[in-house]
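Architecture at a glance
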Amino acid sequence: MTISHFSAVLLFSLFISIVFGITQRSEPKKMVRFGALCFALFVGGTIAASWAMWLIKH
Amino acid sequence: MTTKVQTNASGASPVVALLAGWLVPGAGHLLLGKWVRAGLLMVSIVAMFAIGVALQGKVYTPNTGEPLDMLGFAGDLGAGLLYGLARLLGWGQAPVLVAVADYGTKFIEVAALLNIVAAVDAHSLASGRKRP
């Protein structure tokens, strides 16, 4: 099996965010919100770090 | 002398919830009657572990003598029966040669660590430390 680096980021972020959402909050609404926040931060952070590395290289 | 034991609606003991959650991802929550949470945890952790194996990630073994490998082994143990299954079937024993396989190693390791987090959460729910 091979997947692109970005697909790997999306899958990694999705699964971690689900577990974090369920385990770190008590109410279902807050779980969904926290999970979505984690997902956005994981993916956004990766994209930001990727651009930072591109800028350093160029 | 009496010991005060906090109970939950399902009556499952915190230690049993912790052990069940460690052995089978989501089983701790299942024992507590949290079906949706149990299902989501099980699917997430098992899928992450399976993707890691499919990407040809490494499943760490004990006694390699390398400190980082020993840490990896300690982390992998968190997967419970999934780790036992992987060792039994010889998954993740090929050398890691490409970047995607290295991602696979991380998927396996993080799935195992998330399983510990989920098992501890089941323990907290059963002991009443976390609101159900």
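This text gives an overview of the structure that appears in the document. Since the structure is predicted, the reported quantities are computational estimates derived from the model, not experimental observations. (Residues numbered from 1 in each chain as written. Chains lettered and ligands numbered in written order. Predicted model: local features only at pLDDT ≥ 70, side-chain atom pairs only at ≥ 80, totals over all residues. Heavy atoms only, no water.)

A closer look at the overall build of chain A
Quick reminder of the rule: Helical segments are the DSSP runs of H or I of at least four residues, strand segments are the runs of E of at least two, and each set is numbered from the N terminus. This radius of gyration counts C-alpha atoms alone. The globule rule is 2.2 Å times how many residues there are, raised to the power 0.38. The cut-offs for exposure are 20% and 50% of the maximum accessible area for each residue type, with area from a 1.4 Å probe on protein chains only; residues under the lower value are buried, those over the upper are exposed, and the others partly exposed. Shrake-Rupley sampling with a 1.4 Å probe provides the accessible areas, and residues are treated as covered by the protein chains on show and by no other component.
Within chain A, the secondary structure is distributed over 2 helices and 0 strands. Scaling as 2.2 N^0.38, a compact globule of 58 residues should have a C-alpha radius of gyration of about 10 Å, whereas chain A reaches 14 Å, well beyond that. The dimensions of chain A, computed from C-alpha atoms along their principal axes, are 45 × 30 × 10 Å. Counting only residues that meet the buried cut, chain A has 28% of its 58 residues in that class. Entry remark: accessible area of chain A is about 3900 Å², with carbon and sulfur atoms responsible for 73%.

Some points on the pattern of salt bridges
Using the following cut-off: Salt-bridge detection follows one rule: a side-chain nitrogen of Lys or Arg within 4 Å of a carboxyl oxygen of Asp or Glu.
Counted by the stated rule, this structure contains 4 salt bridges over all chains. Here Arg131(B) makes a salt bridge to Glu27(A), at a shortest N to O gap of 3.5 Å. Taken together, the residues span two chains, with Arg131(B) in the segment after α6 (99–127) and Glu27(A) in the loop between α1 (5–24) and α2 (28–57). We classify Glu27(A) as partly exposed; its relative accessible area is 31%. Ionic pairing is found between Lys58(B) and Asp69(B), a salt bridge with its closest N-O pair at 3.5 Å. Here Asp69(B) lies in helix α4 (residues 67–76) and Lys58(B) lies in the loop between α3 (35–54) and α4, a separation of 11 residues in the sequence. Lys58(B) sits in the partly exposed class, given a relative accessible area of 29%. Here Asp69(B) falls in the buried class, since its relative accessible area comes to 15%.

A word on the packing of α1(A) against α2(A)
Residue and element names in this part refer to chain A. Rules: All axes here are fitted lines through C-alpha atoms, helices being fitted over the stretch that makes contact, and every angle between N-to-C directions spans 0 to 180 degrees. Should an angle lie under 35 degrees it is considered roughly parallel, over 145 roughly antiparallel, and from 65 to 115 roughly perpendicular; all remaining angles are considered oblique. In this scheme the handedness of a crossing depends on how the near helix is turned from the far one: anticlockwise by less than a right angle means left-handed, clockwise means right-handed. Throughout, a residue-residue contact means that at least one pair of heavy atoms, one from each residue, lies within 4.5 Å. Throughout, the ten residues Ala, Val, Leu, Ile, Met, Phe, Trp, Tyr, Cys and Pro are labelled nonpolar, Asp, Glu, Lys and Arg are labelled charged, and all others, Gly among them, are labelled polar.
Packing of α1 against α2 brings their axes to within 8 Å, and their N-to-C directions diverge by 150°. Accordingly, the angle class assigned to the pair α1 and α2 is roughly antiparallel. The way α1 lies across α2 gives a crossing that is right-handed. In this structure, α1 uses Phe6, Val9, Leu10, Ser13, Leu14, Ile16, Ser17, Phe20, Gly21, Ile22 and Gln24 to contact α2, whose residues at the interface are Met31, Phe34, Gly35, Cys38, Phe39, Phe42, Val43, Thr46 and Ile47. Grouping the constituent residues of the contact of α1 with α2 by class yields 14 nonpolar, 6 polar and no charged.

So, the packing of aromatic side chains
All names here are of chain A. Selection criterion: Only rings of Phe, Tyr and Trp enter the pairing, Trp through its six-membered ring, and a pair is recorded when the two centres are within 6.5 Å. The plane angle decides the type: under 30 degrees is stacked, over 60 is edge-to-face, the rest tilted. We count a charge as sitting over a ring when the NZ of a lysine or the CZ of an arginine lies within 6 Å of the ring centre and within 35 degrees of the ring normal.
Overall, the coordinates contain 3 aromatic pairs over all chains when judged by the stated rule. Between tryptophan 51 and tryptophan 54, the ring centres sit 5.5 Å apart and the planes meet at 75°, which makes this aromatic pair edge-to-face. Residue tryptophan 51 and its partner tryptophan 54 are located together in helix α2, separated by 3 residues, close to a single helical turn. According to the relative accessible area criterion, tryptophan 51 is exposed, its value standing at 52%. A relative accessible area of 44% means that tryptophan 54 is categorised as partly exposed. Sitting above the plane of the phenylalanine 34 ring, arginine 25 keeps its charged end 4.0 Å from the centroid.

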